[in-house]
Amino acid sequence: MNPTDDDTPLPVGDYLRAHIRTVPDWPAPGVQFRDITPLLQDPKVFRVLIDAFVHRYMNRRPDVVAGLDARGFILGSVVAYELGLGFVPIRKKGKLPFTTVEETYELEYGSATVELHTDAVRPGQRVLLIDDLVATGGTMMAGKKLLEKLGGEVVEGAAIVDLPELGGSQRLREAGLKVFTFVSFAGH
């Protein structure tokens, strides 16, 4: 029996973990890909996930929620809606139509750039930054730097999954960002 099918409540992290699919050897041999799409496909599980985020930030009251392209859009926009806040998309380069600021970060093989509209946050606004997963931390760090370029204060970086062996959450903390995740997976 699936541990989530009976009436015994599980801690939120355990409940979510039970619905994350591991795909071995994708996108490369030796990689254990942590697929969050099952969390989104089941309306009950998706509600539990969003409610858990909302309850965490209900009393912490950020001014705005920013989501990282692309799964951070799914999570962040719904969390922002539930908290009664605005949502700011941090997009891959070349996707935003208005004046932007950009930040380039290193990937395992090359680099990537993300952008933000110059009017996305105002100086002093408290920003919750959301993505689905923290691996090396590069995308979240780039998002943090973009928001700070505009004068925003990133109060926390939040994600569903942390892959601590890749060092991203530690790097983010060392850079002064509070990091919150529900589930941690050994390996990568």
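Quick note: structure is the one above.
In this report, the structure presented in the accompanying data block is examined. (Residues numbered from 1 in each chain as written. Predicted model: local features only at pLDDT ≥ 70, side-chain atom pairs only at ≥ 80, totals over all residues. Heavy atoms only, no water.)

### Description of the side chain of D69
Reasoning step 1: By the element assignment, D69 lies in the loop between β3 (64–68) and α4 (71–83).
Reasoning step 2: A polar side-chain atom of D69 sits 3.3 Å from a polar atom in the side chain of R91.
Reasoning step 3: In this structure the side chain of D69 is engaged in a polar contact, spanning 2.9 Å, whose partner is the backbone nitrogen of K92.
Reasoning step 4: Residues in contact with D69, not counting those within four places in the same chain, are I90, R91 and K92. (Helix = DSSP H or I, 4+ residues; strand = E, 2+ residues; numbered from the N terminus. Polar contact = N/O pair within 3.5 Å; in protein donor to acceptor, adjacent residues only side chain to side chain. Contact = heavy atoms within 4.5 Å.)

### Description of unusual backbone geometry
Reasoning step 1: In the segment running from W26 into P27, the intervening peptide bond is cis, with an omega of 5°.
Reasoning step 2: Here P27 lies in the loop between β1 (21–24) and β2 (32–35).
Reasoning step 3: Here the bond from D69 into A70 is cis, since omega is 5°, no more than 30 degrees from zero.
Reasoning step 4: Looking at the secondary structure, you find A70 in the loop between β3 and α4.
Reasoning step 5: Positive phi, normally seen in glycine, also occurs at D25, with a value near 60°.

### As for the pattern of salt bridges
Reasoning step 1: For the structure on display, the rule yields nine salt bridges.
Reasoning step 2: Between E156 and R56 there is a salt bridge, with its nearest N and O atoms 3.0 Å apart. Of this pair, E156 sits in strand β9 (residues 153–162) while R56 sits in helix α3 (residues 43–57), placing them 100 residues apart in sequence.
Reasoning step 3: Residue R56 is classed as partly exposed on the basis of its relative accessible area, which comes to 22%.
Reasoning step 4: The shortest N-O distance in the salt bridge between D132 and R71 comes to 2.5 Å. With D132 in the loop between β7 (126–130) and β8 (133–134) and R71 in helix α4, the pair connects residues that are 61 residues apart, well separated along the chain.
Reasoning step 5: Salt bridges sharing partners connect three or more residues here, namely R47, D51 and E82. (Salt bridge = Lys/Arg side-chain N within 4 Å of Asp/Glu carboxyl O. Buried < 20%, exposed > 50% of the residue type's maximum accessible area, 1.4 Å probe, protein only.)

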